[in-house]
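# Coordinates in review
Below are the chains, spelled out letter by letter.
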Amino acid sequence: MAQYKLVTCTINGKKREQIVDVRASLTDMIRNNFHLTSVKKGCEVGECGACTALIDVEAINSCLYLAVWAEGKNIITLEGLMNPDGTLSDIQQAFIDETAIQCGFCTPGIIMTAQALLDKNPCPTETEVREALSGNYCRCGTHYTAVESIMAYIEQMKEERKQ
């Protein structure tokens, strides 16, 4: 017999309430109840990183995180990185500028992982970027250009700080 629980959390800056099955993953809640499709259902066992979301600023595989654990949490998906006017954030734009997208399935998870790293360390080394992305899998092989995109973004931010 299924049990249900009311979950109250903040998703992309908006307070949300949802009754969920206690067995449901955060991925399912985000996609099915709030229609935020940047959180992808990939492996569903925490191996690919396609479902990565920021939960209280930590990059988390939302497929392994029960929706009921989101109670009181602040969750950010790729949609939440966009600027208030609906334009892409600088990190999202860097992926486009550096053509780091092929099929795009893994891209949201990679960007969210990068964002979590950049929030903690605004100027990571390439090695630190590669280590952070080690939990994200890309079947198309865009890891190299993803790293290039992140490094280009870092250089852009350095230049803007000098001005």
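For the structure itself, look to the data block above.
Residues numbered from 1 in each chain as written. Predicted model: local features only at pLDDT ≥ 70, side-chain atom pairs only at ≥ 80, totals over all residues. Heavy atoms only, no water.

### Looking at the pattern of salt bridges
Counted by the stated rule, this structure contains eight salt bridges. A salt bridge links E126 to R130; its shortest N-O distance comes to 2.9 Å. Placement of both E126 and R130 in helix α4 (residues 126-132) is noted, with a separation of four residues, approximately one turn of the helix. Classification of R130 by relative accessible area gives partly exposed; the value is 38%. Between K158 and E155 there is a salt bridge, with its nearest N and O atoms 3.2 Å apart. With K158 and E155 both in helix α5 (residues 143-162) and three residues apart, the pair spans about one turn of that helix. Each of the salt bridges in this network shares a partner with another, and the network as a whole consists of D28, K41 and E44. (Salt bridge = Lys/Arg side-chain N within 4 Å of Asp/Glu carboxyl O. Helix = DSSP H or I, 4+ residues; strand = E, 2+ residues; numbered from the N terminus. Buried < 20%, exposed > 50% of the residue type's maximum accessible area, 1.4 Å probe, protein only.)

### Some thoughts on the sheet that holds strand β1 (residues 4-11)
Pairing is mixed in the open sheet, where five strands are placed in the order β2-β1-β5-β3-β4. Both edges of this open sheet fall to β2 (14-21) and β4 (58-61), since each of them pairs with a single strand only. Taken pair by pair, the neighbouring strands of this sheet meet at an average axis angle of 40 degrees, ignoring direction. Of the pairings in the sheet, the one linking strand β3 (residues 52-55) to β4 comprises four bridges and is antiparallel in character. Note on β4: the bridge partner recorded for A53 is I60. Seen against the sheet, helix α1 (residues 26-34) touches β1, β2, β3 and β5 (74-76) and runs at an angle of roughly 110 degrees to β2. On top of the sheet, helix α3 (residues 107-120) reaches β3, β4 and β5; it is set at about 30 degrees to β3, its chief contact. (Pairing = 2+ DSSP bridges. Axes fitted to C-alpha atoms, helices over the stretch in contact; angles between N-to-C directions. Contact = heavy atoms within 4.5 Å.)

### Section: the pairing of β1
Pairing of β1 with β2, which is carried by eight bridges, proceeds in the antiparallel orientation. The partner of C9 across the bridge, within β2, is R16. Counting the residues that bridge the hairpin from β1 to β2 gives two residues, and of these N12 lies at a positive phi of roughly 50 degrees. The pairing of β1 with β5 spans two bridges and is parallel. Residue T10 lies in a different strand from β5, and its bridge partner there is N74.

### Considerations on the packing of helix α2 (residues 90-97) against α5
Following both chains from N to C, one finds α2 and α5 inclined at 125 degrees, their axes separated by 8 Å at the closest point. On the basis of their axis angle, the class for α2 and α5 is oblique. Two packed elements cross with a definite hand, and for α2 against α5 that hand is right-handed. Touching D90, I91, A94 and F95 of α2 are A146, S149, I150, Y153, Q156 and M157, all from α5. When grouped by side-chain class, the residues that make up the contact of α2 with α5 number seven nonpolar, two polar and one charged. (Parallel < 35°, antiparallel > 145°, perpendicular 65-115°, else oblique. Left-handed = near helix turned anticlockwise from the far one by under 90°. Nonpolar A, V, L, I, M, F, W, Y, C, P; charged D, E, K, R; others polar.)

### Observations regarding the environment of T77
Of note, T77 is situated in the loop between β5 and α2. According to the relative accessible area criterion, T77 is buried, its value standing at 0%. Placed 35 residues apart in sequence, T77 and M112 show a C-alpha to C-alpha distance of 7.3 Å. Reaching out from T77, the side chain makes a polar contact with the side chain of N12 at a distance of 2.8 Å. At a separation of 2.6 Å, a polar atom in the side chain of T77 contacts the side chain of E79. (Polar contact = N/O pair within 3.5 Å; in protein donor to acceptor, adjacent residues only side chain to side chain.)

### Considerations on α1
Taken together, the buried positions of α1 are occupied by L26, T27, D28, M29, I30 and F34. Lining the buried residues of α1 we find β1, β2, β3 and β5. The positive-phi residue at the C-terminal boundary of α1 is H35, with phi of around 55 degrees.

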